[in-house]
Amino acid sequence: MSLVPPNDIRQKIREMVENSQSHPTAWFETLYAESQGDPSLIPWATLATHPQLEKWLENQAIEDNNQTALVLGCGLGDDAEALADFGFQVTAFDISPTAIAWCRQRFPNSQVNYTVADLLDPDPNWLEKFDFVLESRITQSMPLEVRSQAIKAIANLVAPHGILLLITRFRDTEAAPEGPPWPLSEAELSAFKTCGLTEINRHKFVAENRPDAQQLCIEYRKDVF
Ligand SMILES: C[S@@+](CC[C@H](N)C(=O)[O-])C[C@H]1O[C@@H](n2cnc3c(N)ncnc32)[C@H](O)[C@@H]1O
């Protein structure tokens, strides 16, 4: 494990974002590849299930074993594994081939279908296919210019009557934030509703490692009228 100060990693990420010209989130692959398998160089990697997903799962009873789940931007795979252990048929994708290879190496006997894909250009076969979609810290990692495209893509992946769980940083102003990450505003969150999702639960939480950041966990359902 290397001991790189978090401020140095943040500075490095800012520089990568500024130089990222081909695709707004292409820099993630550079970060994963340059870490050479050292998770301490991946700022969001805790190697554990997100506590908000754990809480959500504690309150669920899976009704049948054919329920499908999709994990967007799955990183190193811990949330996908938790959903598979719970009983979902899980597909998990990331734009970074290195992250996906890392997931497969960490969980060689996994039931999860790990795949490389781009949320901004998702597989058309995934349209409205998933009973449960996990969006943990993905939209916030995208610049404001592609945000409405990302939110529309996410909403389109949720099956009729399906659930989207959103775990995100929040900003209580519509002014553009300095990022990354770029916390979501109330106006940006309202785009999920415009895309056919109904908010059924929302709570604030504080992450141990970032007590200063406002964070939200929101559960949406795709109602069909
Ligand atoms: C901040 S990390 C969060 C990872 C994980 N969801 C978590 O909460 O720990 C954002 C993840 O989204 C992935 N990502 C970024 N842009 C993406 C895109 N356009 N399509 C798919 N994955 C993307 C990154 O590679 C990275 O693994």
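Residues numbered from 1 in each chain as written. Predicted model: local features only at pLDDT ≥ 70, side-chain atom pairs only at ≥ 80, totals over all residues. Heavy atoms only, no water.

**Structural notes on the overall build of the protein**
As a reminder of what qualifies: Counting from the N terminus, the helices are the DSSP runs of H or I reaching at least four residues and the strands are the DSSP runs of E reaching at least two. For every residue, the accessible area obtained with a 1.4 Å probe (protein chains only) is divided by the maximum for its type, and the residue is called buried under 20%, exposed over 50%, and partly exposed between those limits.
A tally of regular secondary structure across the protein gives seven helices and seven strands. Secondary structure elements of the protein, listed N to C terminal, follow the sequence α-α-α-β-α-β-α-β-β-α-β-α-β-β. The dimensions of the protein, computed from C-alpha atoms along their principal axes, are 50 × 45 × 35 Å. In the protein, buried positions account for 48% of the 225 residues.

**Considerations on the site of the ligand**
Here is the rule we go by: A molecule or strand has a residue near it when one of that residue's heavy atoms lies within 4 Å. Any N or O atom pair separated by 3.5 Å or less is treated as a polar contact, with the protein-specific requirement of one donor-capable and one acceptor-capable atom, and with residues adjacent in sequence counted only for side-chain atom pairs. Under the convention used here, a 1.4 Å probe and the Shrake-Rupley method define accessible areas, while residue burial counts only the protein chains that appear.
Among the 16 residues in the neighbourhood of the ligand, the closest are listed as Y32, G73, D94, S136 and R137. Contact between the ligand and D94: an oxygen atom at 2.5 Å from a side-chain N or O atom of the residue. L119 has a polar backbone atom sitting 2.8 Å from a nitrogen atom of the ligand. In isolation the ligand offers 600 Å² of accessible surface; the protein chains occlude 95% of this area. Within the residue set of the shell around the ligand, elements represented by two or more residues are α2 (27-35) and β2 (89-94).

**Let's talk about the pattern of salt bridges**
Let me state the cut-off plainly: Salt bridges are counted wherever a side-chain nitrogen of Lys or Arg sits within 4 Å of a carboxyl oxygen of Asp or Glu.
Taken as a whole, this structure holds 10 salt bridges when the rule is applied. Residue R171 pairs with E188 through a salt bridge whose shortest N-O separation is 3.0 Å. Here the residue R171 occupies a position in the loop between β5 (158-169) and α7 (186-194), and E188 occupies one in helix α7, the gap between them amounting to 17 residues. Exposure class is identical for R171 and E188. Each is buried. Residue E186 pairs with R202 through a salt bridge whose shortest N-O separation is 2.8 Å. Within this pair, whereas E186 is found in helix α7, its partner R202 is found in strand β6 (residues 197-207), the two being separated by 16 residues in sequence. Linked by salt bridges that have partners in common, E186, K193, E199 and R202 make up one network.

**Thoughts on the sheet that holds β6**
Across a sheet, strands are paired by hydrogen bonds formed along the backbone, either parallel or antiparallel in direction. Here is the rule we go by: Two strands form a pair only when DSSP identifies at least two bridges running between them. To define axes, lines are fitted to C-alpha atoms, for helices over the stretch in contact only, and angles between the resulting N-to-C directions are given on a 0 to 180 degree scale.
Read from one edge to the other, the open sheet built from seven strands follows the order β3-β2-β1-β4-β5-β7-β6, with strand pairing classed as mixed. Taken across any chain shown, the strands that pair with only one partner, and hence form the sheet edges, are β3 (113-116) and β6. On average, each strand axis in the sheet is tilted by 15° relative to the strand beside it, whichever way the strands run. In the sheet, strand β1 (residues 68-71) pairs with strand β4 (residues 130-136) via three bridges, with the strands oriented parallel. Bridge pairing links L70 to V133 in β4.

**Some details on the packing of aromatic side chains**
Filter applied, for reference: Within 6.5 Å between ring centres, the rings of Phe, Tyr and Trp (the latter by its six-membered ring) count as paired, and their orientation is classed by plane angle as stacked under 30 degrees, edge-to-face over 60, tilted in between.
Under the definition given, this model contains 10 aromatic pairs. Arranged with centres 5.2 Å apart and planes meeting at 25°, the rings of F192 and Y220 form a pair that is stacked. Of the two residues, F192 is situated in helix α7 and Y220 in strand β7 (residues 210-222); the sequence distance between them amounts to 28 residues. The exposure class assigned to F192 is buried, which follows from its relative accessible area of 0%. Through pairs of rings, three or more aromatic residues link up here, namely W27, F28, Y32, W44 and W102.

**Observations concerning the side chain of H23**
Formally: Note on contacts: a residue pair qualifies if any of its non-hydrogen atoms lie within 4.5 Å across the two residues.
Summarising the element assignment, H23 is placed in the loop between α1 (6-19) and α2. Residue class for H23 comes out buried when judged on its relative accessible area of 19%. Of the polar contacts made by the side chain of H23, one reaches the backbone nitrogen of T25; its length is 3.0 Å. Apart from the residues within four sequence positions on either side, H23 is in contact with I95, D118 and L120.

**With respect to the nonpolar core**
Where a protein is soluble and globular, its nonpolar side chains tend to be buried together. Note the following rule: The nonpolar core is taken to be a set of buried Ala, Val, Leu, Ile, Met, Phe, Trp, Tyr and Cys residues, with the residues joined through side-chain atoms within 4.5 Å.
Membership of the largest hydrophobic core comes to 29 residues, with the highest contact counts inside it found for L72, L119, L189 and F192. Looking at this core, the element that brings in the most residues is helix α6 (residues 147-157), giving six residues. For L189, the residues in contact, after removing those within four places along its chain, are L166, F170, L184, R202, L216, I218 and Y220. Judged by nonpolar contacts, the second largest core, of 24 residues, contains L53, L83, I163 and I167.

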